[in-house]
Amino acid sequence: MPAANSRYMQEKQLRDDTADKEQSLLPSRSNHAGNLSQPEKKLQEAICVLLVELCERFTFFGIVCNMILFCTVKLGYRNYQAAIVNMCFVGTSMLTPVLVGWLAECLVGRIKLVCICMFLHFLGTALLPVVAFPFEDIYIDRRHILLHTLTKKEQKIVFYFALLTASLGIGGVRAIVCPLSAYNLEDCGPKELLSFFNWFYWLINLNSAVVFVSISYIQQSVARNLGFLIPFVSILMAMITIHMVRGEMIYKPKTDSSLLTTFGVIASALKTCCVRYHYFSGGVTNWLDHAKENYGGHYSEIQVESTKSLARLFPLFAFQILYRTCIMQIPSGYYLQTMNSNLNFSGFVLPIAAMNVISIVPLLILVPILECINSCLFSSKGSRHSPTIYIVVGHLSAALSVMVAGFSEIHRKHFPQVEQTLSEEVLRVSSMPCFYLAPQYILLGVAEALVTPSCSLLSFWLVPERVRGISMHFLTLFNGAGCFMGAFFVQTAHTGTQGNWFPHLLHEGKLERFFFFLASLMMVNTLGFWTIAHRYNNLNQEYTSEFRGSLPEEKLLKHDKAIKHYDSVLDCSPILSPMETT
């Protein structure tokens, strides 16, 4: 125990020295931005971070919204190949923030790395028009000009390289420029946190609705190739926003813990547990305790206890993998269904990706309603309100959505086929109006409104303050795993059934069987989460005392922080969230 305490005091002193050094190196917030008062500067920083977030999502959804149509019609991909490419890109864009965050923390400076990532994002969004734009020959002053000189293979190489660089750039923006810690949510309670996540995702989805309507129409119309220029213009807006604040929006998070420390604790515990199992099996209450210095490990008590609190959330994260696979049907299976349905509406051809707006509308409507419900439940005395019920209902809604998609596919094939022109290609599609597919989109929209903010709340609240960023990283990792799981399911279904369950021509295959299979898995997943939901039911202080503030070291840190606040040592803080300004 003396060794552990000594090591902790050394770590604390090192953190304090590092924080003081960084504070002296970073530009002073109090002397920057002219004569603006402190609240005005904080509001300006919060607005800039939110603008960059919206610009980044604008570019992301602009790339994703019609990728399947582009891959099938222009690159000649089969349906399952286009769906896999789309899901892998989304999954990679979810995983790169974790990688870039680690690089910024351990290897490369944050300012240098964000410049590299912005260049990569610029490069990726600039290369996409190279692949998408010059497909037709043009005539200028009666002279025939061939714009496109790339072969099909070269187009695919440039396309994949552009997607890779864009995803790396997206990771840099999400991890460095606008991480969740930049909103300074440490002092918020469960009610304020759930409100923040609800409205945060509400703004993100409002932005995506604008993208799906505008960019998808431009990409699918006569000027469709210019649609890939819109992400390019949007990232320029993000770069200008970053330049306007001159680096102040590059938030420097605390380095109390890292993913490497968490994985190191787990690896050390497993190693010690395997090597000395017979000696320590009866001496510890948790297998992760083997990583403590007192039991032959290499990590302090506070590091191990923080990892234990994260490990309690792993079941919650694991049950989100299959749910994310169902959500990924919107840009894959549902997109193919819509593309093979009748898009004509009173003489106007609807953009395929515009159907995604139907899944966003329920979220935009439900968030204000859920806010009212949460305010009443959290305000009532003795309330034991927990967001786990939202997650269970959301998972059930996702399972029903995929099941409805299967029945819709059966119904769609009963309609006679007609010819429909998409991106100047004539396709044979079902005459069933695409609006018949609306119920499955609505159910997935309801699921997203219930599940995503609730999972973010639990991941953020039920862990110590020092590892909240790591907890959100793990949630992101498992969500990314859900995207790759969806790609794996599509590849397996196509290969195992010789293309019958995920066919290229939907009217000749059995896509509904794939949906029914996924719906059955999701029902089992829902029941599985329902059996463990009681672990995360109580959000009051008594329940979270075992997660936060239970260690003597953390109590000392909080006491030390309170003394500093009393003595007015901390005269500035990071960006305030909207709840903290009220």
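See above for the structure.
The rules we used
Throughout this description, residue numbers start from 1 for each chain and increase along the sequence as written. The predicted nature of this model means local features are confined to residues of pLDDT at least 70 and side-chain atom pairs, given and counted, to a pLDDT of 80 or more, with totals for whole chains, interfaces and linings taken over all residues. For the side-chain quantities, the full set of heavy atoms in the structure was used; hydrogens and water were omitted. Numbering of helices and strands runs from the N terminus, with a helix taken as a DSSP run of H or I at least four residues long and a strand as a DSSP run of E at least two residues long. In this scheme, a residue with accessible area under 20% of its type's maximum is buried, one over 50% is exposed, and one in between is partly exposed, where area comes from a 1.4 Å probe on protein chains only. Residue burial considers only the protein chains on display, and all accessible areas are found by Shrake-Rupley using a 1.4 Å probe. Salt bridges are identified by distance alone: a Lys or Arg side-chain nitrogen within 4 Å of an Asp or Glu carboxyl oxygen. Interaxial angles span 0 to 180 degrees and are taken between N-to-C directions of axes, which are lines fitted to C-alpha atoms, for helices over the stretch in contact. Convention used here: angles under 35 degrees read as roughly parallel, angles over 145 as roughly antiparallel, angles from 65 to 115 as roughly perpendicular, and any remaining angle as oblique. Each crossing gets its handedness from the near helix: less than a right angle anticlockwise from the far helix is left-handed, clockwise is right-handed. Any two residues whose heavy atoms approach within 4.5 Å are treated as being in contact. Three classes are used: nonpolar for Ala, Val, Leu, Ile, Met, Phe, Trp, Tyr, Cys and Pro, charged for Asp, Glu, Lys and Arg, and polar for all others, with Gly counted as polar. In summary, the pairing rule links any two rings of Phe, Tyr or Trp, Trp by its six-membered ring, whose centres are within 6.5 Å, and it sorts them by plane angle into stacked for under 30 degrees, edge-to-face for over 60 and tilted for everything else. Any Lys NZ or Arg CZ found within 6 Å of a ring centre and within 35 degrees of that ring's normal is scored as a charge over the ring. We define a nonpolar core as any set of buried Ala, Val, Leu, Ile, Met, Phe, Trp, Tyr and Cys residues linked to one another through side-chain atoms lying within 4.5 Å.

### Details of the overall build of the protein chain
Counting secondary structure elements, the protein chain contains 20 helices and six strands. Buried positions account for 53% of the 582 residues belonging to the protein chain. If you sum the accessible surface of the protein chain, you get close to 26,100 Å²; carbon and sulfur atoms cover 65% of it.

### Let's talk about the pattern of salt bridges
According to the stated counting rule, one finds six salt bridges in the structure shown. The salt bridge involving Lys308 is made with Glu305; its shortest N-O contact spans 3.3 Å. One end of the pair is Lys308 and the other is Glu305, both in helix α11 (residues 301-311) and three residues apart, which spans about a single turn. There is no split in this pair, since Lys308 and Glu305 are both buried. Among the salt bridges present, the one from Glu448 reaches Arg324, with a minimum N-O distance of 3.7 Å. Here Glu448, found in helix α16 (residues 438-461), pairs with Arg324, found in helix α12 (residues 314-327); they are 124 residues apart in sequence, far enough to count as distant. Overlapping salt bridges, with partners in common, bring together Glu56, Arg57 and Arg174 in one network.

### Quick notes on the packing of α12 against helix α18 (residues 511-532)
Viewed as axis vectors pointing N to C, α12 and α18 meet at an angle of 155°, and their least axial separation amounts to 10 Å. Here α12 lies roughly antiparallel to α18, going by the angle between them. Handedness of the α12/α18 crossing: left-handed. On the side of α12, the interface is formed by Pro315, Leu316, Phe319, Leu322, Tyr323, Thr325 and Cys326, while α18 contributes Leu518, Leu521, Met522, Asn525, Gly528, Phe529 and Ile532. For the contact of α12 with α18, the residue count by class is eleven nonpolar, three polar and no charged.

### Describing the environment of Ser408
Looking at the element boundaries, Ser408 is found in helix α15 (residues 388-412). The class of Ser408 is buried, set by a relative accessible area of 10%. Between the C-alpha atoms of Ser408 and Leu437, which are 29 residues apart in sequence, the distance is 6.6 Å. Here Ser408 is in contact with Gln337, Met432, Tyr436, Leu437 and Gln440, once residues within four sequence places are set aside.

### Side note on the packing of aromatic side chains
One pass over the structure, following the stated rule, counts 25 aromatic pairs. A centroid spacing of 5.9 Å and a plane angle of 50° characterise the contact between Phe159 and Tyr160, whose relative ring orientation is tilted. Residue Phe159 is classed as buried on the basis of its relative accessible area of 2%. Considering the side-chain rings of Phe415 and Tyr436, the 6.0 Å spacing of their centres and the 80° angle between planes classify their relative orientation as edge-to-face. A residue pair is termed long-range when its members are at least 10 positions apart, and Phe415 in the loop between α15 and β5 (417-422) and Tyr436 in the loop between β6 (425-430) and α16 qualify at 21 residues. Aromatic ring contacts, followed pair by pair, group Phe196, Phe197, Phe200, Tyr201 and Phe460 into a single cluster. In this arrangement the basic side chain of Arg174 is found over the ring face of Phe60, its NZ or CZ atom lying 5.0 Å from the centre.

### Overview of the packing of α12 against helix α17 (residues 468-496)
Running from amino to carboxyl end, α12 crosses α17 at an angle of 35°, the nearest separation of the two axes being 7 Å. By crossing handedness, the relation of α12 to α17 is classed as right-handed. Here Phe314, Phe317, Ala318, Gln320, Ile321, Leu322, Arg324 and Thr325 of α12 lie close against α17, whose contacting residues are Ser471, Phe474, Leu475, Phe478, Asn479, Ala481, Gly482, Cys483, Met485, Gly486 and Phe489. Looking at side-chain class alone, the contact of α12 with α17 contains twelve nonpolar, six polar and one charged residues.

### Considering the nonpolar core
Judged by nonpolar contacts, the single largest core of 117 residues is most densely connected at Phe159 and Leu316. In terms of residue count, the dominant contributor to this core is α16 (eleven residues). When near neighbours in sequence (up to four residues on either side) are disregarded, Leu316 contacts Ile391, Cys455, Leu458, Ser459, Phe529, Ile532 and Tyr536. Of all hydrophobic cores here, the second largest spans twelve residues; its members include Val52, Cys117, Val177 and Ile235.

### Structural notes on the environment of Gln303
For Gln303, the position within the fold is in helix α11. Taking the C-alpha atoms as reference points, Gln303 and Arg466, 163 residues apart in sequence, are found 9.6 Å from one another.

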